[in-house]
Protein chains: 2
Amino acid sequence: MFGNRERESPDRRVRRTRRAIRQALVDLILIKGYEAVTVTDLINRADVGRSTFYAHFADKEEVLFSSLDELAELLRLVPATRSGTLLSFSLPLFQHLHEQRRLARALLGRRGAAVVRLRGEQIMAAVVRDELMAALPSEIPPPASLDMIVTCVTGAFMALMRRWADGELVATPAEMDAAFRAVVIPGLDAILTTRRSHPM
Amino acid sequence: MFGNRERESPDRRVRRTRRAIRQALVDLILIKGYEAVTVTDLINRADVGRSTFYAHFADKEEVLFSSLDELAELLRLVPATRSGTLLSFSLPLFQHLHEQRRLARALLGRRGAAVVRLRGEQIMAAVVRDELMAALPSEIPPPASLDMIVTCVTGAFMALMRRWADGELVATPAEMDAAFRAVVIPGLDAILTTRRSHPM
DNA sequence: CTTTTTTCGGGACACGCTGTTCAGTTATGA
DNA sequence: TCATAACTGAACAGCGTGTCCCGAAAAAAG
């Protein structure tokens, strides 16, 4: 009916419909949580016909992924700061999420879908891994525990984001960033500079 | 029909039935993931009548919580080592999960239920928080960022457990513990000994 | 402005899962 | 042995899903 990439759909009706459905999902997630949202809920709130919904999305998960692209676009705006500082994405990311709280909470918060957090974790893990590899002096082989270290860092950051998005943690982006760095940076520094003193 | 505490049920049929259903849930989670498991699946695999199921559990989530008690029992076996070492629960917990891999994977792994991980995170957060408070010199007031620090530590540990349970990380309990400590202990030490040099 | 194409609306449908009920059968503990 | 409690199996209404169809409305093309 239309290609996978419907960016700038020629038809205004299509854009209107898709936007309404995506917005309805975000609203409903914040109201009752992702799991509890039904397709019937979506078409009622978006005020579109049932057949119209299925003309655009296969199921509610596809709406989720569609909304996810919005977030991904935000992340693409985060400058790929290679300023020598470890985990430099932290502060800008917190700032961006702060500006888009509503969306961030719906997608990353407790009431959001587990699959979103899982995907976010994977993306972030790749970034962290690359940073650590780059920061590692080349004469030192990457430790066998690299995956574990990356998991620790990613897990800590994701947990911070989730609780912050949910309002369980009240802090400014700068404070979030400071706490995150205070916990993980000393450990990472030690790991990156140690010459295999402790076998991992 | 019977009280909440059916420990040591007098009737063998009750124990048999409940055990079969709980086991069926664990099996099915490992096969198709928690979300995809239906009550119909459970009664087929456990080979019990539909009405029998609902005589024991309100829904599949209640079966999950019932199985959760098994895990909680395991955790209660983890010695509350107050040996002065920070986060001393780490190694024994990894060891216990290693011995009960199958159950741990079903409950903590990616295919498990998000609510289980959430609950585990809360329990662990309370433990970590207490440890940090105890380790904090009394003349130093708890930092405002204590919640964030606890979240980091807990998030890191939970992420390690999940990926390990899923087989995405291959390591011995000792190696898991070492990686975890290598990342978070230096940061915690610095935070616990610093006299408010950086305002948090 | 007309014609053609595309999308939308809303009802109807089969399907699968849920949770309840009930009458009849089987196992258990005393 | 016997009263009691648990189990079986089937039926049932309710709800959500995903599909189909056709007439109406909007957009694009001519």
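Residues numbered from 1 in each chain as written. Chains lettered and ligands numbered in written order. Predicted model: local features only at pLDDT ≥ 70, side-chain atom pairs only at ≥ 80, totals over all residues. Heavy atoms only, no water.

## Observations regarding the protein's contact with DNA strand D
- Taken together, 23 residues sit near DNA strand D, with P10 of chain A together with T17, G49, S51 and H56 of chain B positioned nearest.
- Backbone atoms, meaning sugar and phosphate, make up 57% of the atoms of DNA strand D lying within 4 Å of the protein.
- Here a phosphate oxygen of DNA strand D and a backbone polar atom of G49 of chain B are 2.6 Å apart.
- Elements supplying a minimum of two residues to the surface near DNA strand D: helix 1 (12-32), helix 2 (39-46) and helix 3 (50-56) of chain A together with helix 1 (12-32) and helix 3 (50-56) of chain B.
- In the surface near DNA strand D, the residues fall into seven nonpolar, eight polar and eight charged. (Near = heavy atom within 4 Å. Polar contact = N/O pair within 3.5 Å; in protein donor to acceptor, adjacent residues only side chain to side chain. Helix = DSSP H or I, 4+ residues; strand = E, 2+ residues; numbered from the N terminus. Nonpolar A, V, L, I, M, F, W, Y, C, P; charged D, E, K, R; others polar.)

## As for the pattern of salt bridges
- Scanning the entire structure with this criterion turns up 22 salt bridges over all chains.
- Across the salt bridge formed by D41 of chain A and K32 of chain A, the nearest N and O atoms sit 2.8 Å from each other.
- In this structure K32 of chain A comes out as partly exposed when scored by relative accessible area, which is 32%.
- A salt bridge links R162 of chain B to D166 of chain B; the shortest N-O distance between them is 3.2 Å.
- Assessed through its relative accessible area of 9%, R162 of chain B is described here as buried. (Salt bridge = Lys/Arg side-chain N within 4 Å of Asp/Glu carboxyl O. Buried < 20%, exposed > 50% of the residue type's maximum accessible area, 1.4 Å probe, protein only.)

## So, a positive patch on the surface
- Positive charge collects at one region of the surface, where R12, R15, R16 and R19 of chain A lie side by side.
- Within the fold, R19 of chain A resides in helix 1. (Patch = residues over 30% accessible without salt bridge, like charges linked within 9 Å, V, L, I, M, F, W, Y side chains within 5 Å. Areas by Shrake-Rupley, 256 points an atom, 1.4 Å probe, with all protein chains shown as cover. Lys, Arg positive; Asp, Glu negative; His and termini not counted. Charge placed at Lys NZ, Arg CZ, Asp CG, Glu CD.)

## Section: the side chain of E121 of chain A
- Following the sequence through the fold, E121 of chain A ends up in helix 7 (residues 114-135).
- Buried within the structure, E121 of chain A lacks any salt-bridge partner; R162 of chain B is the closest side chain of opposite charge, at an N-O distance of 4.1 Å.
- Leaving out residues up to four positions away in the same chain, E121 of chain A has contacts with T154 and M158 of chain A together with A159 and R162 of chain B. (Contact = heavy atoms within 4.5 Å.)

## Comments concerning the protein's contact with DNA strand C
- Residues in contact with DNA strand C amount to 23 residues; listed here are only the nearest, T17, G49, S51 and H56 of chain A together with P10 of chain B.
- Within 4 Å of the protein, the contacting atoms of DNA strand C are 58% sugar and phosphate, with bases supplying the remainder.
- Taking R13 of chain A, its main chain carries an N or O atom lying 3.0 Å from a phosphate oxygen of DNA strand C.
- Within the side chain of H56 of chain A, a nitrogen or oxygen atom sits 2.6 Å from a phosphate oxygen of DNA strand C.

## Describing the packing of helix 9 (residues 173-193) of chain A against helix 9 (residues 173-193) of chain B
- At their nearest, the axes of helix 9 of chain A and helix 9 of chain B sit 6 Å apart, and the two run at 120° to each other. Overall, the two elements helix 9 of chain A and helix 9 of chain B adopt an arrangement that is oblique. Crossing of helix 9 of chain A against helix 9 of chain B: the hand is right-handed. For the pair formed by helix 9 of chain A and helix 9 of chain B, the contact residues are A182, V183, V184, P186, G187 and I191 of chain A on the first element and A182, V183, V184, P186, G187 and I191 of chain B on the second.
- Taken together, the residues of the contact of helix 9 of chain A with helix 9 of chain B break down into ten nonpolar, two polar and no charged. (Axes fitted to C-alpha atoms, helices over the stretch in contact; angles between N-to-C directions. Parallel < 35°, antiparallel > 145°, perpendicular 65-115°, else oblique. Left-handed = near helix turned anticlockwise from the far one by under 90°.)

## A few points about the side chain of R162 of chain A
- With respect to the helices, strands and loops of the structure, R162 of chain A is situated in helix 8 (residues 146-165).
- Excluding residues that lie within four positions of it along the chain, R162 of chain A makes contacts with L108, G109, R110, R117 and E168 of chain A together with L118 and E121 of chain B.

## Section: the interface of chain A and chain B
- Taken together, the contact pairs 31 residues of chain A with 31 residues of chain B.
- Note on chain A versus chain B: buried area summed over both sides is about 2,600 Å², and carbon and sulfur give 76% of it.
- Of all residues in chain A, the largest losses of buried area upon contact with chain B belong to M148, C152 and V183 of chain A, amounting jointly to 24% of the total for that side.
- The interface formed by chain A and chain B includes zero salt bridges.
- Along the contact surface separating chain A from chain B lie two residue pairs in polar contact (both at pLDDT 80 or more).
- By residue number, the principal contributor to the side of chain A that touches chain B is helix 8 of chain A, which donates eleven residues.
- Across the side of chain A that touches chain B, the residue classes break down as 19 nonpolar, five polar and seven charged. (Buried area = accessible area lost by both parts, 1.4 Å probe.)

By themselves, these are just geometric observations and shouldn't be taken as functional.
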